[in-house]
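So you can see what is in the structure, the chains are spelled out below.
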Amino acid sequence: MSKVSSPVLLRRILSLTRSERRALSVGIFFLLLGSGMTLVFPQALRFIIDEALGSRNQALIDRAALGMIAVFALQSSSEALRFYFFVSAGERIVTRLRHDLFSSLVSQEVAFFDEHKTGEITSRLTADTQVLQNAVSGNIATALRSGAQAVGGLALLLYTSPLLTLLMLAIVPPVVVATVLFGRRIRQTSRKVQAALAEANGVADEVFSGIRTVRAFAAERHEVGRYQHSLEHAVELSNERSRLSTAYVASTSFAGLAAASVVLWYGSRLMLRGEFSMGSLTSFLVYSVMVATALSGLTDIWADLMRASGSAERVFEMLDRQPSMPSTGGERIRELRGLVEFQAVRFAYPSRPDVPVLQEIDLVLQPGEVVALVGPSGGGKSTLAALLARMYDPQGGRVLVDGKELRTLDPEWLRQQIGSVAQEPMLFSGPIADNIRYGRADATDSEVEAAARAANAHEFISRFPEGYRTLVGERGVQLSGGQKQRIAIARAVLKNPRLLVLDEATSALDAESEHLVQEALERLMKGRTTLIIAHRLSTVIGADRVLVLEGGKVVQSGDHAALMGQEGLYRRLVERQFVAA
Ligand code: ADP
């Protein structure tokens, strides 16, 4: 699964810290100071035991005790400052990372979002970056401290007694072996735990987004059972991980303490022979325990970093991903007339490349012309509309606007020239006014209102007590399908585009709403080149031309009257679909 080697990944994780070099340097300073103070403590102990107690000098004892308190005060405040600098730098690093990751994600081509589940994308943004933050602010700091303590402790051990140091170091090989053996199994189990948890989250995600279906079938208990089942699987695995970790921690700490006992035993013999002082033995023991904990801390962190590298890989992969379609750059046409041409367009969705969706589509929309698309569901109508807005690039043929191929035009500019009203328009949580202003961010209040009037939306908006400031979405009012459509039409009016891509609602609106939407759409289409996915008879009758799409091909085209005069799909559709409705 790992495509990048660990050192490369670790270097990349460390490179994130570059922007916080100053804060981290200050943090490292306090870290070293704190570790230094920790190392001073056993020396003070030795001094008290050998010098102060030995000489039975009360003043010396007092001074040593005061000194020790000062050392601990310095040590604690250094630790606190170290913690503060590392954690705040970590927060800033992950905030920047999330920002960069979000900008990278949001500019990916539409096809990318067809291929990745929303849950997967958001988990990279939140969970994976969080793991990285912990690695940067927690683990790196602790690793540095443990490293400093291990090195300093070993140096002082050697200085106190080379022989006892060698004895102490005898525990290193078994600890390393245990770390490698247990570490690998812990890592593997961790990966399984994460996967099982993700699966449980998947179940919850599905249930919440489909809550209406769950409720309609009174399937709550069934879903609770399903969730419980997936949780149990995760719990089993994490119990396994706990058992491994416990065994690992217990055996390494036993090894450390056993070594300390051996040192105590041998040191005592040396002391009896007068080769070693009582204080030296005590401080030696404290140092050995310190080195042992520092070493086992380091191995722990190593395993942790290895676990974090899975997340790092996922984050960097997204961060580095170049969208296959740029979002800016290219030509802009002055005075766009609105001529649209599809020339021998062939298309398949990148997520299903071997299923042709459009085949050899030829189509010309004269400036200001209204072309209605009809045909059975799955025939390719929405896909054709999506190609005009350059949501995807065709695999064959060309789409042109005013004679220029879409690929050569600035996508940002192009999308400003296209107004679109979807079947189920997406409104963002926030005031109604902001939702209309999505069409043009710098529009004034009176422009927003004028657009709403043109879209037959002003009246229902004014009926809300808070008017245009009424919140929509999760914490605001729920709008009906017809109301949402009219807000979307107001957006398009505000944008004042040359080209329109419209998708009529299939779901039946009430007669009043339908009439208002229809009227607003007609007003919007006037003088603009329009491609409309039609579901209403009045729309196809009003269109300049009707295109019948079936199986990704244009099977009939002409105006309503001409098509009704022909034997064919169109007449059958009109009789079945529109007349019945
Ligand atoms: P219509 O609008 O006429 O109902 P569409 O253009 O939505 O038809 O769909 C045409 C075909 O493309 C269908 O077979 C559909 O399953 C497929 N399709 C639509 N959207 C996607 C997508 N995002 N990814 C893969 N296939 C898709």
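The shown structure was predicted, so the numbers you read here are calculated from the model rather than taken from an experiment.

Caption draft 1: Here's a closer look at the site of the ligand. With respect to spatial proximity, 14 residues lie near the ligand, and among them Gly378, Gly380, Lys381, Ser382 and Thr383 are the closest. With respect to the ligand, the side chain of Asp114 contributes an N or O atom lying 3.3 Å from a nitrogen atom. Tyr349 has a polar side-chain atom sitting 3.5 Å from a nitrogen atom of the ligand. In isolation the ligand exposes 560 Å². Once the protein is present, 70% of that is buried.

Caption draft 2: The nonpolar core, seen in detail. Ranked by internal contacts, the top residues of the largest apolar core, which has 44 residues, are Ile436 and Ile461. In this view, Ile461 contacts Ile432, Ile436, Ala452, Gly467, Tyr468 and Ile487; residues no more than four positions away in its chain are not counted. Within the second largest apolar cluster, 34 residues are counted, among which are Ile333, Phe342, Leu358 and Ile418.

Caption draft 3: Geometry of the pairing of strand β4 (residues 396–401). Note: strand β1 (residues 340–347) against β4, 5 bridges, orientation antiparallel. By the bridge assignment, Glu341 is partnered in β4 with Leu400. What sits between β4 and strand β5 (residues 404–405) in their antiparallel hairpin is a turn of 2 residues, with Asp402 showing a positive phi close to 50°.

Caption draft 4: Layout of the sheet that holds strand β2 (residues 358–365). Read from one edge to the other, the open sheet built from 4 strands follows the order β2-β1-β4-β5, with strand pairing classed as antiparallel. Of all the strands in the sheet, just β2 and β5 have a single pairing partner and so form its edges. In this fold helix α11 (residues 381–388) packs onto β1, β2 and β4, with an angle of close to 120° to the strand it touches most, β1.

Caption draft 5: Examining the side chain of Ser88 more closely. With respect to the element layout, Ser88 can be found in helix α3 (residues 58–106). At 2.9 Å, the side chain of Ser88 forms a polar contact with the backbone oxygen of Tyr84.

Caption draft 6: Quick look at the side chain of Asp410. Examined against the element boundaries, Asp410 turns out to sit in the loop between β5 and α12 (411–416). Looking at Asp410, its side chain comes within polar contact range of the main-chain nitrogen of Glu412, at 3.1 Å. Setting aside residues no more than four positions away along its own chain, Asp410 makes contact with Ser327, Thr328, Gly329, Gly330, Glu331 and Arg332.

Caption draft 7: Representation of the sheet that holds strand β6 (residues 418–421) within the structure. One open sheet accounts for 6 strands, arranged β6-β9-β10-β3-β11-β12; its pairing is mixed. Each edge of the open sheet is held by one strand with a lone partner, namely β6 and β12 (553–558). Sheet twist, expressed as the average angle between the axes of neighbouring strands with direction ignored, equals 20°. Looking at chain direction, strand β9 (residues 499–503) and strand β10 (residues 529–533) are connected through 5 bridges and run parallel. When the bridges of β10 are listed, Asp503 appears paired with Ile533. Along the sheet, α11 contacts β3 (370–374), β6, β9, β10 and β11 (545–550); its crossing angle with β10, the most-contacted strand, is approximately 150°. Of the strands in this sheet, β3, β6, β9 and β10 are in contact with helix α17 (residues 511–525), which crosses β9 at around 160°.

Caption draft 8: Spatial organisation of the packing of helix α6 (residues 162–169) against helix α9 (residues 220–272). One can describe the packing of α6 onto α9 by two numbers: an axis separation of 9 Å at closest approach and a directional angle of 155°. Between α6 and α9, the interaxial angle falls into the category roughly antiparallel. Crossing of α6 against α9: the hand is right-handed. Contacts between α6 and α9 involve Leu163, Leu164, Leu167 and Met168 on the former and, on the latter, Ala259, Val262, Val263, Tyr266, Gly267 and Leu270.

Caption draft 9: Highlighting the confidence of the model for the protein chain. Overall, the prediction assigns the protein chain a mean pLDDT of 85, with 94% of residues at 70 or greater. Among the prediction metrics, the complex's ipTM stands at 0.97, with pTM recorded as 0.76.

Calculation rules
- Residues numbered from 1 in each chain as written.
- Predicted model: local features only at pLDDT ≥ 70, side-chain atom pairs only at ≥ 80, totals over all residues.
- Heavy atoms only, no water.
- Near = heavy atom within 4 Å.
- Polar contact = N/O pair within 3.5 Å; in protein donor to acceptor, adjacent residues only side chain to side chain.
- Areas by Shrake-Rupley, 256 points an atom, 1.4 Å probe, with all protein chains shown as cover.
- Core = buried A, V, L, I, M, F, W, Y, C linked by side-chain atoms within 4.5 Å.
- Buried < 20%, exposed > 50% of the residue type's maximum accessible area, 1.4 Å probe, protein only.
- Contact = heavy atoms within 4.5 Å.
- Pairing = 2+ DSSP bridges.
- Helix = DSSP H or I, 4+ residues; strand = E, 2+ residues; numbered from the N terminus.
- Axes fitted to C-alpha atoms, helices over the stretch in contact; angles between N-to-C directions.
- Parallel < 35°, antiparallel > 145°, perpendicular 65-115°, else oblique.
- Left-handed = near helix turned anticlockwise from the far one by under 90°.
- pLDDT = per-residue confidence, 0-100.

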